[in-house]
Each structure stands twice: as structure tokens, then as C-alpha cells.
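# Coordinate analysis (summary)
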Amino acid sequence: MNQKVFNTLTSCADPESPETLSVTEARERILKCISPIEATERLAIRDGLGRVLGEDIVSPMDVPGHTNSAMDGFALSAADLPEDYVNLKVIGTIYAGDSFQGVCRSGECVRIMTGAPMPAGTDTVIMQEQTMAVESDHIRIGNGHRAGQNVRQAGEDIAKGSVVLEAGRRLLPADLGILASLGFGEINVRQRPKVAFFSTGDELRSVGEPLLPGELYDSNRYTLYGMLIRAGVEILDLGVIKDDPDALRQAFTQAASVSDVVLSSGGVSVGEADYTKSILQSLGKMQFWKIAMKPGRPLTFGHLHDALFFGLPGNPVAVMVTFYQFVLPALHVLSTGKRYEPFTLRARSENIIRKRSGRFEFVRGTMQQTPDGDYSVVSLGRQGSGILTSMSHGNCFILLEASCDGVEPGEYVTIQPFISLV
Ligand code: AMP
Ligand code: MG
């Protein structure tokens, strides 16, 4: 890897100390270990959509480049605006893309099309619909117009020399338009993090293989694929690895050699076949945390050679929750150098939600906007960490703080819409 993706461990928490952390504390410890990718590559602007800008974009020009008309109509000097009405002589016509040679004097106006530069001597445009032809070469305008109306000033959108897009920004469709409007054909974007991922478990089969009794299809690699693609990273799918220490060691090493971040799922609990922790410990630096959350309690995090390592739980919902709450914020910092605040809303709970205090719960719910503009939310009936349909049938997490000991109908809760989780 040509980029280093983490600082020295001094800023990270004590490795190997088994402790129960809050969600916030665990996220904080992870984010402290991340140094953003700095390396850039040059791309055509269209290919930059969704990519992270690697440089400040300084405008080489004013946009608009010239003061121009925002309407089809007649350009005149505001000094000629009447108290009652006035007839003005039309001395010419100017189209977008032209430049008017003459000068417009008092008592005169110029027929002008949207986008055409304002002729010398004019500063105001009267919409065509608000004028009346009085002779072949005169128009009449009434009162009630404002000096400077319907005119777009040079540089009113973007001033020459200003920073119009900042390094670290993920490029949106509007940004591509802005870059084009400034004449940029190519831009420097940051290289995307490379994320290698694999599933672990003797019971797992890949799609396309027959299932024997007790076996199941590996779904985690598919949800991870979807979440990673949406996160805008480069992915390397390393398949299913058996619960076999040698095979796992080999997968860990291979994954770290080709990526900035390694994700595994499964094998982080305390079962007989849960090798993730011990292998990470022997090959890299391990931090294992019990996080006071549900679902997704155990999380292994650490360094594997030059890569960051996340050992996610095996249960399908726990994989998604831990990805969204820990991996995604980490990928964001790695990609952009910036932290983001999760997007949340307040919503009125329609039903009772049972909970004991002590753990942060990510309850899956269905939210909707009510006719009065408020939001309401219903928690889904089945909340097991293996019930993947809850992530599909629901459309938000209901975020219940560790201290919360249940929600009554009508109570307001904080929700995190899935749509906001890139
Ligand atoms: P583990 O942490 O390895 O004990 O896995 C916990 C549970 O998640 C078990 O029921 C596994 O069968 C299930 N599981 C683990 N990995 C996957 C996967 N890739 N796809 C679907 N289910 C999984
Ligand atoms: Mg397992």
C-alpha cells in the first residue's frame, strides 16, 4: 500500500483490555486511529461524481462571466423608469452569445434575450409581457418596476479567485456542473480506500452451491457489498473462509496485503470456532470490545500490518448495525479527512417499545411523515439480530440510549433514517 492508513497506536486505547464501552466511546477510539488517505488521482469531471475532491477549487473566472439578462424583454437605464408610463425607442436586439456594439441612451431601450449581456447604458430589464408595442419601433412601459430588476450580475454566483469547492468534499451532481461552468475538464480526487472483506463459518455456503442440513447461505458478504459500494470504496470480496486457523491466517494476511481496511464477519464471540480475536492478536494488534449495544455487542478492532481491521459479528443484523455505526464513520474519515454527524430526526413513537436500561439499542422501525409535517415511527415486531428482513421492511433505526428503560406510545424518540446512511 502506498498510503499509510493509521497513526501510531499511541492515540488508540489500551489494546487487549476487555471492557465494555459505550457506542460513542468505541466510535471515538476507532476514529482516533485513522489517518485520512492523501494520495490523489486525476479524473475527468464526470468520473468524479461521488468521489472526494483532493484539492480546493479556486475559480479562474466570474460566473456569470458578464452581467446579463434573466428574462426575455427590454433592457434600459433605471433612470428612464416612469412614475406613470413612458414610450421608449427600441434601438436594436441582442441575443445570448452576442455583444451589443452601441450605447443605449435616455429614451431608448434594447430588445434583449435571456442570457444576453447587458448593453452599455442599461442596468434594468422589463419583461416582455409587461410591455406594449406602440409603434413599429417603440414600446410603452408602465410604473411599478424596480431599478436593476431581472439582471444577473457578473460574478454573483461565483467570484473569480474564490474557493468554490473545498478539498475533502464528496462531489455531487451540482458540483460537476459548477466545475464545468468554470471550464475544468479534469480534477484531482483522493484515491478511494480499498476494503477487503470475507465471511467466516463452516456452516456457510456461497450462492449457487447446494445446502446440506445445518448449512446456510452467506448473506453478510452481500449486505457488506451493498454498504461498501454505497460508501464509495474499492472492494475486494475474498469469499467464505472456514473456521480453520490456518485458512483464516492466510485470509487475514492476504486481505491486509491488498487493502487499507479488512472486514470479517463471524467468529468474534466466545464459541469454540471463534478464532478472529486470537488470529488478529498473533498477526497484528488487537482491541476487543464488548460494546454496550444491541444488536452487535462484540466488536474486534485493530491493526493488521498496514491495514485497519474490523471483526464484525456474524449475525446479519449485527453486521449491518456495526457497519453503519463504526465502519462507515471510519471510512468517511479515511476517505475525506472529515467526521460527519449522523442525520437524525425526532419522531413520535406509535407503540410501546420494551427495553431495559444499560445498553444502547438500535431498534428497527418504520417511520413516516404525518399530514401535519411531524414524524411518527412504529417499531417492527421481530427484532432478533438474525432477522435480516427487519433491515429491509423497516426504514430507520430507533436510537434508544443506554439509559432509556422503554418507550411509551406518544413519546418522542430519535430516529436515523436508513436513507441517510449512504
Ligand atoms: P458467529 O459469530 O460466527 O458465531 O455467527 C453468529 C451467527 O451468525 C450464526 O448463527 C451464524 O450462522 C450467523 N452467520 C455468521 N456469518 C454469517 C453470514 N456470512 N451470513 C449469514 N449468517 C451468518
Ligand atoms: Mg461462526
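Residues numbered from 1 in each chain as written. Chains lettered and ligands numbered in written order. Predicted model: local features only at pLDDT ≥ 70, side-chain atom pairs only at ≥ 80, totals over all residues. Heavy atoms only, no water.

## Here we look at the overall build of the protein chain
A tally of helices and strands in the protein chain yields seven helices and 27 strands. Taking 22 Å as the expected radius of gyration for a compact globule of 422 residues, we find that the protein chain reaches 30 Å, considerably beyond that expectation. The C-alpha extent of the protein chain, read off along each of the three principal axes, is 95 × 55 × 45 Å. By sequence separation, contacts in the protein chain at least 24 residues apart represent 72% of the contacts at least 6 residues apart. For the protein chain, the exposed area adds up to about 20100 Å²; of that, 50% sits on carbon and sulfur atoms. Treating the 39 positive side-chain charges of the protein chain as one cloud and the 49 negative ones as another, the clouds have centres 5 Å apart. (Helix = DSSP H or I, 4+ residues; strand = E, 2+ residues; numbered from the N terminus. Rg over C-alpha atoms; globule rule 2.2 N^0.38 Å. Contact = heavy atoms within 4.5 Å. Areas by Shrake-Rupley, 256 points an atom, 1.4 Å probe, with all protein chains shown as cover. Lys, Arg positive; Asp, Glu negative; His and termini not counted. Charge placed at Lys NZ, Arg CZ, Asp CG, Glu CD.)

## Quick notes on the nonpolar core
In this structure, Leu 263, Phe 310, Phe 323 and Leu 331 are the most contacted members of the largest nonpolar core, which totals 45 residues. The contacts of Leu 263, once residues within four sequence positions are left out, are Val 195, Ala 196, Phe 197, Phe 198, Leu 224, Leu 228, Phe 310, Phe 323 and Val 327. Within the second largest apolar cluster, 16 residues are counted, among which are Ala 255, Ile 279, Phe 288 and Leu 304. (Core = buried A, V, L, I, M, F, W, Y, C linked by side-chain atoms within 4.5 Å. Buried < 20%, exposed > 50% of the residue type's maximum accessible area, 1.4 Å probe, protein only.)

## Side note on unusual backbone geometry
With an omega of -5 degrees, the peptide bond between Val 63 and Pro 64 qualifies as cis. Here Pro 64 lies in the loop between β3 (57–58) and β4 (68–69). In this structure, the amide linkage connecting Lys 294 to the following residue, Pro 295, adopts the cis form with an omega of -5 degrees. For Asn 150, which is not glycine, the phi dihedral falls at a positive 60 degrees. Position of Asn 150 among the secondary structure elements: in the loop between β10 (138–142) and β11 (151–152). Phi at His 305 takes a positive value of approximately 50 degrees, unusual for a residue other than glycine. Secondary-structure assignment places His 305 in the loop between β21 (298–304) and β22 (307–312).

## A look at a positive patch on the surface
On the surface, Lys 290, Lys 294, Arg 297, Arg 356 and Arg 359 cluster together to form a positively charged patch. One can find Arg 356 in the loop between β23 (345–349) and β24 (360–369). Take Arg 356: its relative accessible area is 74%, and that puts it in the exposed class. (Patch = residues over 30% accessible without salt bridge, like charges linked within 9 Å, V, L, I, M, F, W, Y side chains within 5 Å. Salt bridge = Lys/Arg side-chain N within 4 Å of Asp/Glu carboxyl O.)

## A word on the pattern of salt bridges
Applying the stated criterion across every chain, the model contains 11 salt bridges. The closest approach of N and O atoms between Arg 339 and Glu 28, which form a salt bridge, is 3.1 Å. Of this pair, Arg 339 sits in the loop between α6 (316–336) and β23 while Glu 28 sits in helix α1 (residues 23–32), and the two are 311 residues apart along the sequence. For Glu 41, the salt bridge identified is with Arg 51, shortest N-O distance 2.7 Å. Here Glu 41, found in strand β2 (residues 40–44), pairs with Arg 51, found in the loop between β2 and β3; they are 10 residues apart in sequence, far enough to count as distant. Accessibility expressed as a relative area gives 10% for Arg 51, which makes it buried. Beyond isolated ion pairs, a larger network of salt bridges with shared partners links Asp 218, Arg 221 and Asp 237.

## A closer look at the layout of surface pockets
The space that makes up the largest pocket amounts to roughly 410 Å³. Together, 31 residues line the largest pocket, and Gly 266, Gly 267, Pro 313, Gly 314 and Asn 315 are the ones closest to its centre. (1 Å grid on protein atoms, 1.4 Å probe; cavity = no way out; pocket = protein on both sides within 12 Å on 5 of 7 lines; lining within 4 Å. Points joined across faces, edges and corners; volume = space filled by probe spheres on them.)

## Remarks on the site of ligand 1
The local shell around ligand 1 holds 14 residues, among which Glu 203, Asp 218, Ser 219, Asn 220 and Gly 267 are the closest. Here an oxygen atom of ligand 1 and a backbone polar atom of Asn 315 are 3.3 Å apart. For ligand 1, whose unbound accessible area comes to 480 Å², protein coverage reaches 78%. The cavity that encloses ligand 1 is the largest pocket. For the shell around ligand 1, the residue count by class is four nonpolar, eight polar and two charged. (Near = heavy atom within 4 Å. Polar contact = N/O pair within 3.5 Å; in protein donor to acceptor, adjacent residues only side chain to side chain. Sits in = over half its atoms within 2 Å of the grid points. Nonpolar A, V, L, I, M, F, W, Y, C, P; charged D, E, K, R; others polar.)

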